[in-house]
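Survey of secondary and tertiary structure
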Amino acid sequence: MTERTMEDLIKTIRVLSAEEVEKAKSGHPGTPLGAAPVMATLFGKFMKIAPEDPGFFDRDRFVLSSGHASAMLYATLHACGFDVTEDDLASFRQMGSRTPGHPEAGVTPGVDCSTGPLGQGVANAVGMALAERILAAKFNKPGCTLVDHYTYAFCGDGCMMEGIENEAASLAGLWKLGKLIVIYDSNHITIEGDTDISLVEDVAARHKALGWHVIRAGNAENTDALAEAIAAARAEDGRPSLVIVSTTIGYGAPNAGTSSVHGAPLGEEGMRALKERLDWKCEPFREPESVAEFAEEMKAKGREHTAKWHAGLDRAREQYPALVAEFESWLSGDAARAAAGSPELYNLPEGSAATRNLCGAALAVADRLVPNLTGGSADLSPSNCTAIKGKEYYSPETSAGRAIHFGVREHAMAAVCNGIALHGGLVPFCSTFFVFSDYMKYAMRMSAMMKLPVTYILSHDSIGVGEDGPTHQPVEQLAALRSMPGMYVFRPCDATEVAAAFSRALTLVAPTAIVTSRQKLPAHGLSTKEGALRGAYVLKEGCKKKPDVILMASGSEVGLCLDAQALLEKKGVSARVVSVPCMDLFAEQSEEYKESVLPKKVRARVAVEAASRMCWGEYVGLDGAYVCLDRFGESAPAGKLFEKYGFTPENVAAVAEGVLKK
């Protein structure tokens, strides 16, 4: 790249970004104007990408953790030859466009990760770099390099304030992810003003203490120094690198260097002043000829990258046929899909057991059947039953290990798993106590938004936790996760339903939460694979051909409904028991199937769940009733708590009789 082309590329990113925001009448021009030299240097001199094949596996990954600066990413992708057109730029933030307000994976060619919540992108990048490290250790052999790329993240002062950034940086340093490079745009401005009011720590010293290689690159306008800093980061194999670069927010605009340029269009006068300052002569959403030629060069380089990698893959196939077959199976997800239908998954231990133990048994089976299953717990694997016997843990010395110690870092754990899923080649899971899913809620939301097949194993699901008290007893969490679009929430009652939950988790292009009990549940032997895979089903009919009342429940309360059914039958009341392991799957069934399970004519219904009643209203209706928990629990033995709050066969039967008297 010539010096003139670099100058033109920087100006192009600046002006196109500002034009995007101006046309949309909303957006964030400040960071794009200041950090354009960073994007031009990184993409122009370092990134291994293939604009005509944006999903090319061995490409370098890029995560814009400062997702509000999306206009800068779109302008960069356009300038690099990706299929991001002038019309796409001109429709920034508009309905149905390929250039949404924050980057969305799967919407814009070249966007590797959806971002927006600050700091989260850094954790996603850690997950990507970890996946690269694990896959490289597994599949790279002498004369065979199938996995060899870098992961870059761009973040700002706001990202550095978020706790998840520190959690993720701690893990990256612990894991010595040498091919992770985070570029920190330190412009000292937030929405409320100068960072002196909110960020006074020594970010460099903090990252050094966490085991990072820290490089101060100086002012971004000195692109030669910036390139030297990135090159030095790439040369550091044993530590992740933080490249700190100083920029002027809103560079070239009349209000540059102030908080007012962060998140508002420049306006007509501001745009005119910017273009005069940059000596910009092009028509709106057009770039100089030198940049158009650069885009063609990037396409050609991309074709070279992909051709070289595929040629290497073909050579490896001759030298290591079994290895390459396994590699391609891992990338395709074939093993996970095959495991989902395996009879072995449904051959779990019988008898009374806590569903957390059954879940652990199912996880062990899945691990045998899915060799690229990767994950761990937030320091709770003995309690979650997610420690798989004989599975090698990842460490810098055993970098092919696919069991992970995340430590007590729930938020980063979930976001790292998102990064692993985005990278491809591994099947991620993570686990913690259900109540602590609140710590990682936003990462779970991003899993759902990006349709990532991450499995969340969440144990200790109710007041059955007992003596640990209300801080550890989930009440509202089921309702919260069930209300999340695209998140499949399973609360199984026995081994069959646990197996069904894993089966769906291995086949869904979406995240799955498997919520399990601490306490033992009875083995009633009535569950069916077919019913569980439909989300809800008739577990046991009542004593008459047509039910008088329907008792519906999930998890530990299913057995409670069976006991209540027996009490009602002694009084001549026919109660149908419906198990509802996954409302999300049941909602997808045909109206005919739903009617067969919950006939509209039977208006007497009772929902039984040791959690908030929210989410049950659709199925209970106006004439039904609830045996649920709409308050926090307390510290006491689990049995005492269930009795106090009405989770007994006698109370469920009494509530059902009350409904029938309405």
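What you see is a predicted model; the values in this text were computed from it and never measured. Here the residue numbering is sequential within each chain, running from 1 through the sequence in written order. Since the coordinates come from a predicted model, pLDDT governs what is reported: local features require at least 70, and pairs of side-chain atoms require 80 or more to be given and counted, while whole-chain, interface and lining totals use all residues. By convention in this description, side-chain values take in all heavy atoms of the structure and omit both hydrogens and water.

Thoughts on the overall build of the protein chain
Where helices and strands are cited, they refer to DSSP runs of H or I of at least four residues and of E of at least two residues respectively, numbered from the N terminus. What the protein chain contains, in helices and strands, is 26 helices and 20 strands. When we talk radius of gyration, it's over C-alpha atoms, and the globule rule is simply 2.2 Å times the number of residues to the 0.38. Here the C-alpha radius of gyration of the protein chain, 28 Å, is about what a compact globule of 662 residues would show, namely 26 Å. Viewed in the frame of its principal axes, the protein chain has a C-alpha envelope of about 90 × 60 × 45 Å. Type-normalised accessible area, obtained with a 1.4 Å probe on protein chains alone, sets the label of each residue: buried when under 20%, exposed when over 50%, and partly exposed for intermediate values. Relative to its full complement of 662 residues, the protein chain shows a buried share of 61%. Here the contacts in the protein chain between residues at least 6 apart in sequence split such that 77% fall between residues at least 24 apart. Residues are treated as being in contact if the distance between any of their heavy atoms lies within 4.5 Å.

Things to note about the nonpolar core
We define a nonpolar core as any set of buried Ala, Val, Leu, Ile, Met, Phe, Trp, Tyr and Cys residues linked to one another through side-chain atoms lying within 4.5 Å. Grouped together as the largest cluster of nonpolar side chains are 82 residues, with contacts concentrated most on Trp175 and Tyr456. Ignoring any residue separated from it by four or fewer positions in sequence, one finds tryptophan 175 in contact with Val126, Leu130, Arg133, Tyr394, Pro396, Ile404, His405, Phe406 and Val416.

A look at the state of the cysteines
To count as a disulfide, a pair of cysteine sulfur atoms needs to be within 2.5 Å. Taken as a whole and judged by the stated rule, the model has zero disulfides. Cysteine 159 forms no disulfide, and the closest cysteine sulfur to it belongs to cysteine 155, at a distance of 5.0 Å. A disulfide-free cysteine, cysteine 417 has its sulfur positioned 4.1 Å from the sulfur of cysteine 430, the nearest such atom.

What about the sheet that holds strand β11 (residues 427–433)?
In space, the six strands of this open sheet follow the order β10-β9-β11-β12-β14-β13, with parallel pairing throughout. A strand with exactly one partner marks an edge of an open sheet, and here the two such strands are β10 (403–405) and β13 (488–490). Averaged over all adjacent pairs, the angle separating strand axes in this sheet is 20°, with direction ignored. Here the rule is simple: two strands pair whenever DSSP picks up at least two bridges between them. Alignment of β11 against strand β12 (residues 455–459), held across five bridges, turns out to be parallel. In the sheet register, phenylalanine 433 faces β12, and the bridge partner there is serine 459. Sitting on the sheet, helix α19 (residues 495–505) touches β12, β13 and β14 (512–515), and the angle it makes with β14 is about 165°. For helices, the axis comes from a line fit to the C-alpha atoms of the stretch in contact; other axes are also lines fit to C-alpha atoms, and the angle between any two N-to-C directions lies between 0 and 180 degrees.

With respect to the packing of helix α5 (residues 120–139) against helix α12 (residues 321–332)
Between α5 and α12, whose axes approach to 11 Å, the crossing angle comes to 160°. When the axis of α5 is compared with that of α12, the two are roughly antiparallel. When you trace α5 past α12, the crossing you get is right-handed. Here Leu135, Lys138 and Phe139 of α5 lie close against α12, whose contacting residues are Leu323, Glu326, Phe327 and Trp330. Three classes are used: nonpolar for Ala, Val, Leu, Ile, Met, Phe, Trp, Tyr, Cys and Pro, charged for Asp, Glu, Lys and Arg, and polar for all others, with Gly counted as polar. Among the residues making up the contact of α5 with α12, the classes are represented as five nonpolar, no polar and two charged. With respect to orientation, any angle under 35 degrees is reported as roughly parallel, any angle over 145 as roughly antiparallel, any angle of 65 to 115 as roughly perpendicular, and every other angle as oblique. Left-handed describes a crossing in which the near helix is turned anticlockwise from the far one by less than a right angle; the clockwise case is right-handed.

So, the pairing of strand β7 (residues 241–246)
The buried fraction of β7 is high, at five of six residues. The pairing of strand β3 (residues 180–186) with β7 spans six bridges and is classified as parallel. Residue pairing in the sheet places valine 182 in a bridge with leucine 242 of β7. Strand direction decides the pairing type here: strand β6 (residues 213–219) and β7, joined by six bridges, are parallel.

Looking at the side chain of arginine 576
Locating arginine 576 in the fold gives a position in strand β18 (residues 575–579). Looking at arginine 576, its side chain comes within polar contact range of the side chain of glutamate 541, at 2.8 Å. Polar contacts, as counted here, are pairs of nitrogen or oxygen atoms within 3.5 Å of one another; within protein the pair requires one atom able to donate a hydrogen and one able to accept it, and residues that are adjacent in sequence qualify only if both atoms are side-chain atoms. A polar atom in the side chain of arginine 576 sits 3.0 Å from the backbone oxygen of serine 596.

A few points about the pairing of strand β9 (residues 373–377)
Taking burial as the measure, the five residues of β9 include five buried ones, the bulk of the element. Strand direction decides the pairing type here: β9 and β11, joined by five bridges, are parallel. In the strand pairing of β11, glycine 376 is matched with cysteine 430. Direction of pairing for β9 relative to β10: parallel, over a ladder of three bridges. Within β10, the position partnered with glycine 375 by the bridge is alanine 403.

Focus: the packing of helix α7 (residues 163–175) against helix α16 (residues 410–423)
As a packed pair, α7 and α16 sit with axes 8 Å apart at the nearest point and diverge in direction by 70°. Taken together, α7 and α16 sit at an angle that is classed as roughly perpendicular. Pair α7 / α16 crosses with right-handed handedness. Across the interface between the two elements, Ile164, Glu167, Ala168, Leu171 and Trp175 of α7 pack against Glu410, His411, Ala412, Ala415 and Val416 of α16.

With respect to the pattern of salt bridges
Every case where a carboxyl oxygen of Asp or Glu lies within 4 Å of a side-chain nitrogen of Lys or Arg is listed as a salt bridge. In this structure the tally under the stated criterion is 38 salt bridges. The salt bridge involving arginine 239 is made with glutamate 236; its shortest N-O contact spans 3.3 Å. As a salt-bridge pair, arginine 491 and glutamate 557 come within 2.6 Å of each other at their nearest N and O atoms. One end of the pair, arginine 491, is in the loop between β13 and α19; the other, glutamate 557, is in helix α21 (residues 556–569), and 66 residues separate them in sequence. Of the two residues examined, arginine 491 and glutamate 557, each falls in the buried class. Here the salt bridges share partners, and the residues they tie into one network are Asp461, Arg482, Arg491, Glu557 and Glu609.

Digging into a negative patch on the surface
Residues with no salt bridge and a relative accessible area higher than 30% make up the patches, which join like charges within 9 Å and nonpolar side chains (Val, Leu, Ile, Met, Phe, Trp, Tyr) within 5 Å. Accessible areas in this description were obtained via Shrake-Rupley with a 1.4 Å probe; residue shielding takes into account the shown protein chains only. Think of it this way: Lys and Arg go in the positive column, Asp and Glu in the negative one, and His and the chain ends go nowhere. Here the site of a charge means NZ on Lys, CZ on Arg, CG on Asp, or CD on Glu. Together, Glu3, Glu7, Asp224 and Glu228 give the surface a local cluster of negative charge. The set of elements that each furnish at least two residues to the negative patch consists of α1 (3–24) and α9 (223–235). In this fold, glutamate 228 is placed in helix α9.

Some remarks on the packing of aromatic side chains
Between two aromatic rings, the relevant description is the distance of the centres plus the angle of the planes. Aromatic rings from Phe, Tyr and Trp, taking only the six-membered ring of Trp, are treated as a pair when their centres fall within 6.5 Å; an angle between ring planes under 30 degrees marks them as stacked, one over 60 as edge-to-face, and anything in between as tilted. Counted by the stated rule, this structure contains 16 aromatic pairs. Centroid distance phenylalanine 139 to tryptophan 330: 4.9 Å. Interplanar angle 85°. Geometry classified as edge-to-face. Taken together, the residues phenylalanine 139 in helix α5 and tryptophan 330 in helix α12 connect sequence positions 191 residues apart. Grouping aromatic residues by their ring pairs yields a cluster made of Phe56, Phe57, Phe139, Trp309, Phe327 and Trp330. Any Lys NZ or Arg CZ found within 6 Å of a ring centre and within 35 degrees of that ring's normal is scored as a charge over the ring. For lysine 138, the ring lying beneath its charged end belongs to phenylalanine 139, and the centroid distance is 5.8 Å.

Points about helix α11 (residues 289–319)
To estimate how far a helix should extend, the number of its residues minus one is multiplied by 1.5 Å. The first and last C-alpha atoms of α11 sit 45 Å apart over 31 residues, in line with the 45 Å expected at 1.5 Å per residue. The set of residues buried in α11 consists of Ser290, Val291, Phe294, Ala295, Met298, Lys299, Gly302, Thr306, Trp309, Gly312, Leu313 and Ala316. In this fold, the buried residues of α11 make contact with α1, α2 (30–45), α3 (70–79) and α12.

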